[in-house]
Amino acid sequence: MSTTRYSDAAANSMFDSGLVAFINTGAGVAQFKFYNGSMPATGDTAISGQTLLGTLDCSDPIEAGAAASRTLTFDAITGANAAATGTCTFLVLLNGNGDKVLYADVGSLASTAACKLASTTFTSGLPIAITAAAISIPTTISG
């Protein structure tokens, strides 16, 4: 098993010089899109057959300040109404060009999912929201 440990300065720089710039790319705003079904196998695999349950727009830019403590914290995320009814199982974060940034599993507040929601049940026409969002680089990455 390999182990990598980035310094705090390097981790924060990866966010500020790389990921944040990529997410902010484009004329549109970054978006979280919520789906049911199986999450695609890789970050480059297309969504196919899953139902889009809802979309939330991020602020533009996504973060007013610099990353701190190995964490990118999103500014305001605009609430919206669900587009369809179903159980949310994963999300995709898209940049302002609509390019995929990442997929993340979705679960309840008690779950170990990357995105925890008060309810994973979306009902068409009813509000959905994220009160806070952040992406972190762990102190140690093993694989």
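Residues numbered from 1 in each chain as written. Predicted model: local features only at pLDDT ≥ 70, side-chain atom pairs only at ≥ 80, totals over all residues. Heavy atoms only, no water.

Brief notes about the layout of surface pockets
Line of reasoning, step 1. Estimated volume of the largest pocket: approximately 340 Å³.
Line of reasoning, step 2. Looking at the lining of the largest pocket, the element that brings in the most residues is strand S10 (residues 115-117), giving 3 residues.
Line of reasoning, step 3. In terms of residue class, the lining of the largest pocket is made up of 16 nonpolar, 1 polar and 1 charged.
Line of reasoning, step 4. Its boundaries defined by the atoms lining it, the second largest pocket holds a volume of some 180 Å³.
Line of reasoning, step 5. As for the second largest pocket, its lining consists of 13 residues, and the residues nearest its centre are Ser-119, Phe-122, Pro-127, Ile-128 and Ala-129. (1 Å grid on protein atoms, 1.4 Å probe; cavity = no way out; pocket = protein on both sides within 12 Å on 5 of 7 lines; lining within 4 Å. Points joined across faces, edges and corners; volume = space filled by probe spheres on them. Helix = DSSP H or I, 4+ residues; strand = E, 2+ residues; numbered from the N terminus. Nonpolar A, V, L, I, M, F, W, Y, C, P; charged D, E, K, R; others polar.)

Considerations on a nonpolar patch on the surface
Line of reasoning, step 1. On the surface, a nonpolar cluster with roughly 240 Å² of combined accessible area is contributed by Tyr-6, Met-14 and Ile-141.
Line of reasoning, step 2. By secondary structure assignment, the location of Tyr-6 is in the loop between strand S1 (3-4) and helix H1 (8-24). (Patch = residues over 30% accessible without salt bridge, like charges linked within 9 Å, V, L, I, M, F, W, Y side chains within 5 Å. Areas by Shrake-Rupley, 256 points an atom, 1.4 Å probe, with all protein chains shown as cover. Salt bridge = Lys/Arg side-chain N within 4 Å of Asp/Glu carboxyl O.)

Quick word on the nonpolar core
Line of reasoning, step 1. Formed by 30 residues in total, the largest nonpolar core has its most connected members in Phe-32, Phe-34, Ile-62, Leu-72, Phe-74 and Phe-122.
Line of reasoning, step 2. At the level of elements, H1, strand S2 (31-35), strand S3 (52-58), strand S8 (90-94), strand S9 (100-108) and S10 are the ones that each hand at least two residues to this core.
Line of reasoning, step 3. Not counting residues up to four positions away in its chain, the partners in contact with Phe-34 are Thr-51, Leu-52, Leu-53, Gly-54, Leu-56, Cys-88, Phe-90, Leu-91, Leu-117, Phe-122, Ile-128 and Ile-130.
Line of reasoning, step 4. Within the second largest apolar cluster, 5 residues are counted, among which are Tyr-35, Phe-90, Val-92 and Leu-94. (Core = buried A, V, L, I, M, F, W, Y, C linked by side-chain atoms within 4.5 Å. Buried < 20%, exposed > 50% of the residue type's maximum accessible area, 1.4 Å probe, protein only. Contact = heavy atoms within 4.5 Å.)

Looking at the sheet that holds S3
Line of reasoning, step 1. Strand order in the open sheet made by the 6 strands is S5-S3-S2-S8-S9-S10, with mixed pairing throughout. Two strands in the sheet have a free side with no partner beyond their single neighbour: strand S5 (77-78) and S10.
Line of reasoning, step 2. Here 5 bridges tie S8 to S9, and the two strands are oriented antiparallel to one another. For Leu-93, the partnering residue across the bridge sits in S9 and is Leu-102. (Pairing = 2+ DSSP bridges.)

Concerning the environment of Gly-98
Line of reasoning, step 1. As for its placement among the helices and strands, Gly-98 is situated in the loop between S8 and S9.
Line of reasoning, step 2. Measuring from C-alpha to C-alpha, the distance between Gly-98 and Asp-8 comes to 30 Å, with 90 residues separating the pair along the chain.

Here we look at the side chain of Thr-71
Line of reasoning, step 1. Among the secondary structure elements, Thr-71 is positioned in strand S4 (residues 71-73).
Line of reasoning, step 2. You can call Thr-71 buried: its relative accessible area is 18%.
Line of reasoning, step 3. Side-chain polar atoms of Thr-71 contact the side chain of Ser-136, separated by 3.0 Å.
Line of reasoning, step 4. Discounting chain neighbours no more than four positions away, the residues touching Thr-71 are Asn-12, Phe-15, Glu-63, Ala-134, Ile-135 and Ser-136. (Polar contact = N/O pair within 3.5 Å; in protein donor to acceptor, adjacent residues only side chain to side chain.)

Observations concerning unusual backbone geometry
Line of reasoning, step 1. Omega for the peptide link from Asp-60 to Pro-61 comes to 5 degrees, which places this bond in the cis form.
Line of reasoning, step 2. Residue position: Pro-61 is located in the loop between S3 and S4.

Remarks on the packing of aromatic side chains
Line of reasoning, step 1. The final tally for this structure, using the stated rule, is 4 aromatic pairs.
Line of reasoning, step 2. Here the aromatic rings of Phe-34 and Phe-122 are separated by 5.6 Å at their centres, their planes lie at 45 degrees, and the arrangement is tilted. Taken together, the residues Phe-34 in strand S2 and Phe-122 in strand S11 (residues 121-122) connect sequence positions 88 residues apart. Comparing Phe-34 with Phe-122 shows no difference in burial state: the two are buried.
Line of reasoning, step 3. With centroids separated by 5.9 Å and ring planes inclined at 75 degrees, the aromatic side chains of Phe-90 and Tyr-103 adopt a geometry described as edge-to-face. Remark: Tyr-103 occurs in strand S9 and Phe-90 occurs in strand S8; sequence separation between them is 13 residues.
Line of reasoning, step 4. The class for Tyr-103 is buried, based on a relative accessible area of 13%. (Phe/Tyr/Trp six-rings, centres within 6.5 Å; stacked < 30°, edge-to-face > 60°.)

Keep in mind these numbers describe shape, not what the thing actually does.
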